[in-house]
Amino acid sequence: MPELPEVEVVRRGLANWVAGRTVAGVDVLHPRAVRRQSAGAADFAARLTGTTFGAAQRRGKYLWVPLAGRGQGFSMIGHLGMSGQLLVQDPAVPDEKHLRVRLRFTDGGRELRFVDQRTFGGLAVEEAEDGDPEGTPVSIAHIARDPLDARFDDAVFVAALRARRTTVKRALLDQTLISGVGNIYADEALWRSRLHYDRPSATLTRPQAALLLANAREVMTAALAVGGTSFDSLYVNVNGESGYFSRDLDAYGREDEPCRRCGTAIRRAAWMNRSSYFCPRCQRVPRVRDGG
Ligand SMILES: [Zn+2]
């Protein structure tokens with residue numbers, strides 16, 4: 001499953017390669033790849049043909065390209081699923097084995113190809129929020145911005161986190177509060193902040209909440225730097241693997257290995273059908289106050 005850094009690499013690639021170009025034609029080679037287009041593949045192709053792409057946008061792991069010209073008010077959203085790739089490819093290059101959708105441009109230059117072996121991903125043209133310059137699709141307007149987004153509001157997040165009746169890791173994974181923080185980044189940010197994952201978020205002081213946010217941002221920035229190194233200027237490519245190498249991790253995946261701060265063995269606990277990795281000494285279990 002691509003994480004935020006890979007999606008950001010794709011966004012940058014799209015911004016470099018397709019912004020300002022007008023779609024000449026669309027070939028849907030597998031209907032499953034456009035199944036989110038309720039009126040079907042022909043409708044998907046008709047809505048894109050003749051429109052001009054704007055600058056690609058991202059919110060958390062959601063990616064879209066606002067449409068201009070005759071597509072004004074709509075955006076093409078891309079779901080990468082488990083194995084989806086968007087490739088910017090010379091038209092002379094033979095079709096990829098798992099090519100699902102091809103977009104040709106009026107300039108005759110590089111095509112945009114959606115390749116997806118497992119077909120969990122797909123493309124769709126969706127209505128954008130009324131008057132939104134970023135063309136945010138209505139279906140994802142409720143998703144919060146991520147901390148790498150220039151318009152993420154730190155003060156609003158800190159206040160909202162402290163106002164929630166939830167636990168701190170649940171809050172980090174709550175996409176209406178903050179997006180882009182997956183299980184790995186949450187565990188890393190909590191370890192850096194010396195916070196246990198089950199700590200009630202309302203018990204955080206303002207500096208603790210601000211530190212947690214700063215640490216989440218730092219972890220994601222580091223992951224982005226690593227993920228970004230695989231970016232080839234000719235390819236907009238997602239390989240489905242996290243760009244964050246395990247050697248960079250302090251907590252996640254390090255069960256029984258010594259904490260890099262205090263030497264205590266890192267523990268793994270079952271947590272909401274996933275795992276939480278933490279140092280039992282640096283990240284103390286919160287005291288139960290009122291049975292809540
Ligand atoms: Zn420790």
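Residues numbered from 1 in each chain as written. Predicted model: local features only at pLDDT ≥ 70, side-chain atom pairs only at ≥ 80, totals over all residues. Heavy atoms only, no water.

Let's talk about the overall build of the protein
Working step 1: Of the regular secondary structure elements, the protein holds six helices and 11 strands.
Working step 2: For 292 residues, the compact-globule estimate of 2.2 N^0.38 gives 19 Å, and the C-alpha radius of gyration of the protein, at 21 Å, lies within 12% of that figure.
Working step 3: Its C-alpha atoms give the protein principal-axis dimensions of roughly 60 × 40 × 30 Å.
Working step 4: Counting every position in the protein, which comprises 292 residues, the buried fraction comes to 49%.
Working step 5: Residue pairs in contact within the protein that sit at least 24 positions apart in sequence constitute 65% of those at least 6 positions apart.
Working step 6: For the protein, the accessible surface area stands at approximately 13,600 Å², while carbon and sulfur atoms represent 48% of it.
Working step 7: Of the charged side chains in the protein, 41 are positive and 34 negative, and the gap between their average positions amounts to 6 Å. (Helix = DSSP H or I, 4+ residues; strand = E, 2+ residues; numbered from the N terminus. Rg over C-alpha atoms; globule rule 2.2 N^0.38 Å. Buried < 20%, exposed > 50% of the residue type's maximum accessible area, 1.4 Å probe, protein only. Contact = heavy atoms within 4.5 Å. Areas by Shrake-Rupley, 256 points an atom, 1.4 Å probe, with all protein chains shown as cover. Lys, Arg positive; Asp, Glu negative; His and termini not counted. Charge placed at Lys NZ, Arg CZ, Asp CG, Glu CD.)

Quick notes on the coordination of the zinc ion
Working step 1: Surrounding the zinc ion are the protein donor atoms Cys259 (SG), Cys262 (SG), Cys279 (SG) and Cys282 (SG), at 2.2 to 2.4 Å.
Working step 2: Every donor residue of the zinc ion comes from the same chain, spaced as C-x2-C-x16-C-x2-C. A residue pair is termed long-range when its members are at least 10 positions apart, and Cys262 in the loop between helix 6 (206–228) and strand 10 (267–271) and Cys279 in the segment after strand 11 (274–278) qualify at 17 residues.
Working step 3: In this structure Cys262 comes out as partly exposed when scored by relative accessible area, which is 26%.
Working step 4: Residue classification places Cys279 among the buried positions, given a relative accessible area of 0%. (Donors = N, O, S within 2.8 Å, 3.2 Å for Na, K, Ca; no water.)

Focus: the side chain of Arg100
Working step 1: Relative to the elements of secondary structure, Arg100 occurs in strand 7 (residues 99–105).
Working step 2: Buried charge without a salt bridge: Arg100, with Asp116 as the nearest opposite-charge side chain at an N-O distance of 6.0 Å.
Working step 3: Not counting residues within four places of it along the chain, the set of residues in contact with Arg100 comprises Asp27, Val28, Leu29, His30, Ala33, Phe114, Val115, Asp116, Gln117 and Thr119. (Salt bridge = Lys/Arg side-chain N within 4 Å of Asp/Glu carboxyl O.)

Regarding the environment of Thr221
Working step 1: Within the fold, Thr221 resides in helix 6.
Working step 2: Given a relative accessible area of 40%, Thr221 falls into the partly exposed group.
Working step 3: At 2.7 Å, the side chain of Thr221 forms a polar contact with the backbone oxygen of Arg217. (Polar contact = N/O pair within 3.5 Å; in protein donor to acceptor, adjacent residues only side chain to side chain.)

Considerations on helix 1 (residues 4–17)
Working step 1: Between its first and last C-alpha atoms helix 1 spans 20 Å; for 14 residues at 1.5 Å apiece the expected length is 20 Å, and the two agree.
Working step 2: Among all positions in helix 1, only Leu4, Pro5, Glu6, Val7, Glu8, Val9, Val10, Gly13 and Leu14 are buried. (Expected span 1.5 Å × (residues − 1).)

A word on the domain arrangement of the protein
Working step 1: Along its sequence, the protein is organised into domain 1 (4–140) and domain 2 (154–278).
Working step 2: The distance between the C-alpha centroids of domain 1 and domain 2 comes to 30 Å. (Domains from an automatic or database assignment.)

Looking at the sheet that holds strand 1 (residues 23–28)
Working step 1: Spatially, 1-7-8-6 is the arrangement adopted by the four strands of the open sheet, whose pairing is antiparallel. Two strands close off the open sheet at either side, each with one partner strand: strand 1 and strand 6 (84–89). Each strand of the sheet is rotated relative to its neighbour by a mean of 15 degrees, with strand direction disregarded.
Working step 2: Examined bridge by bridge, strand 6 and strand 8 (residues 111–116) share six bridges and lie antiparallel to one another. (Pairing = 2+ DSSP bridges. Axes fitted to C-alpha atoms, helices over the stretch in contact; angles between N-to-C directions.)

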